Amino acid sequence: MAMITTNLKDYIDAPDDLLYRSRSELESFSRRDIETFQLAAARRKLEHQADHIPVVGDMLNGKDPSTFDCLDDFIPILFDEDIYKSYDTAWIENKEFGKLTHWINAFTTHDLSGVDTENCGGLTDWCRRIDEQADIFLCHSSGTSGVLSFVPRSQHDRDLVVDNLVWTNQPLFNPHQRNDVTYFCMLPRRQYRITQALYDGLEQRYLINPVQALTDFISPEFYIAQGKLRTAAINDTTDSCLKNPIVAAYPAEVERYQRDLPELVKRWTDNLIENYRGKRIYFQGSFDKAWQIIQHFKNAGVTGAFAPESIFSLYGGVKDGSKLPDDWQDQFRRAIGVDESNLVSGWGMSEITSSTRRCSQGMNHFMIQSIPFLLEPKTRRPLPRKGVQTGQLAILEVLSKDCWGGMISGDRGTIHWDRVCACGRDGPLLEDSVSRL
């Protein structure tokens, strides 16, 4: 870890070292100093990644990053939302994993060309081989549409995700000693998603109690089948959907999981109530998962369940289409027994390593290593970086050593560029009203 200084220039080549600075130190930097740092760090990262990530080099098209005079100059180099889904899905269905490896090799600084995909049995086997042979963990998305995005992450990037969680959630977590905290998540304990790296890092590097997850393992093939079957049910195209070889192999498993899910949630919640009352926990889940917890707690007559320093991280909105009451967060807080400041939420994307964090005043703050943009929807035309603007959100983070980190989202947001938040921090501030375009 770099020696702590008070000059952001010292972190241009090591922006991840800012993760280990105290919140008060980070909040002491002026907006002008932050923007100067961001421009220099983005130039430096682009110079490096353009030489090591073929897709970035192609998008840069010979331009010299040192000539980029302002942050908006980086907009043409930002990835579109679905770029990590830009492979031919037939490669997966036909088990052409050499082609899939060649495709993903264009998106990482690491050389995956030597990975042996001969007789690769399926998508899970492909992910396992890349992990075992190249030490690159392929993080896929939730597959709501039935198509997965794949983002390659080295151990460095996986550690960043864990470190960010621990260092920004002190004093619940102590980075320097064993942590008597239990992490609860209503997702599988094992999967090829970034949460897997989070689980492993918390248990192995920060010595927390074993992670309490909803189930054991869910494969990427399962996520594809579940997403396609869900979409087909909405569009009344299930019969044609079953012709897909992956879907055809998993309908019984998807049906069984959906049938068993209420009991899985009940057992998971019963464990939470029976064995962790009054203890320090960290919960991470979507809004609808939190609402499910409230219902179980109500049925059990439980209020004020956990140690007051526990943290409940609520991200991702509503995933299952539920309509939640306006006061659901107040109900949730009463059930779990923690202060409103310990209900953490924010905005982010699975393709980047950073996210915003909502403050006590309901505004989202960006990390110093994250550069936000607002665009006219469905274009790459930037909106002014001043005043109050509403448009398509995009982000460029300078943390990852594996990936470019510049993404245009599919979300609409409102940013206050010049306002000082009521919590005392300077802008830019993202309103807590992000929605899909």
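Per-chain numbering applies: the sequence of each chain, read as written, is numbered from 1 onward. The predicted nature of this model means local features are confined to residues of pLDDT at least 70 and side-chain atom pairs, given and counted, to a pLDDT of 80 or more, with totals for whole chains, interfaces and linings taken over all residues. To get the side-chain values, take all heavy atoms of the structure and skip hydrogens and water.

### Re unusual backbone geometry
Formally: Numbered from the N terminus, helices here are DSSP runs of H or I no shorter than four residues, and strands are runs of E no shorter than two.
Gln170 connects to Pro171 through a cis peptide bond whose omega is 10°. Counting through the fold element by element, Pro171 comes out in the loop between helix H7 (155-167) and strand E3 (182-190). Residue Pro428 follows Gly427 across a cis peptide bond; omega there is 5°. Positionally, Pro428 belongs in the loop between strand E12 (406-416) and strand E13 (429-431). Its identity is not glycine, yet Asp236 carries a phi of approximately 60°, on the positive side. Of note, Asp236 is situated in the loop between helix H9 (220-235) and helix H10 (238-241). Backbone geometry at Lys378 places phi at a positive 65°, although glycine is not the residue there. Mapped onto the elements, Lys378 comes out in the loop between strand E10 (370-375) and strand E11 (388-397).

### What to know about empty space enclosed by the protein
Note the following rule: For each structure, a 1 Å grid was placed over the protein atoms alone; sets of points admitting a 1.4 Å probe that cannot get out are labelled cavities, open sets with protein on both sides within 12 Å along at least five of seven lines are labelled pockets, and lining residues have an atom within 4 Å of a point. Grid points are joined across faces, edges and corners, and a volume is the space filled by probe spheres set on the points. Note that Gly is not counted as nonpolar here; it falls among the polar residues with everything else outside the nonpolar set of Ala, Val, Leu, Ile, Met, Phe, Trp, Tyr, Cys and Pro and the charged set of Asp, Glu, Lys and Arg.
A complete count under the given rule lists three cavities of 30 Å³ or more for this structure. Reported here for the largest cavity is a volume of approximately 70 Å³. As for the largest cavity, its lining consists of Tyr87, Thr89, Ile92, Glu93, Gly146, Val147, Leu148, Ile224, Lys228, Asn244 and Ile246. When residues in the lining of the largest cavity are grouped by element, the largest group, three residues, is from helix H4 (residues 89-93). In this structure, the second largest cavity occupies an estimated 40 Å³ of space. Lining the second largest cavity, in full, are Trp347, Ile352, Ser354, Ser355, Thr356, Phe366, Met367, Ser370 and Ile395. Classifying every residue of the lining of the second largest cavity by side-chain character gives five nonpolar, four polar and no charged.

### As for the packing of helix H13 (residues 287-300) against helix H14 (residues 328-336)
Defined as follows: Interaxial angles span 0 to 180 degrees and are taken between N-to-C directions of axes, which are lines fitted to C-alpha atoms, for helices over the stretch in contact. Should an angle fall under 35 degrees it is called roughly parallel, over 145 degrees roughly antiparallel, and 65 to 115 degrees roughly perpendicular, with every other angle called oblique. Note: crossing handedness is left-handed where the near helix turns anticlockwise from the far helix by less than a right angle, and right-handed where it turns clockwise. When checking whether two residues touch, look at their non-hydrogen atoms; a contact exists if any pair is within 4.5 Å.
Between H13 and H14, the shortest axis-to-axis distance is 10 Å and the interhelical angle comes to 55°. Judged on the interaxial angle alone, H14 and H13 are oblique. The chirality of how H13 crosses H14 is left-handed. Each of Phe287, Ala290, Trp291, Ile293, Ile294, Phe297 and Lys298 in H13 lies in contact with H14, whose residues at this interface are Trp328, Gln331, Phe332, Ala335 and Ile336. Its residues placed into classes, the contact of H13 with H14 shows 10 nonpolar, one polar and one charged.

### Examining the sheet that holds strand E4 (residues 212-217)
Quick reminder of the rule: A pair of strands is treated as paired once DSSP finds two or more bridges between them.
One open sheet holds the five strands; their spatial order is E4-E3-E5-E6-E7, and the pairing between them is parallel. Bordering the open sheet on either side are E4 and strand E7 (343-345), each of which pairs with just one other strand. Across the sheet, the mean angle from the axis of one strand to that of its neighbour is 25°, orientation sign disregarded. Of the pairings in the sheet, the one linking strand E5 (residues 281-285) to strand E6 (residues 311-314) comprises four bridges and is parallel in character. Considered in E6, the bridge of Tyr282 is made with Ile311. Taken strand by strand, helix H12 (residues 251-276) contacts E3, E4 and E5, and its axis lies near 145° from that of E4.

Purely geometric numbers; function is a separate question.
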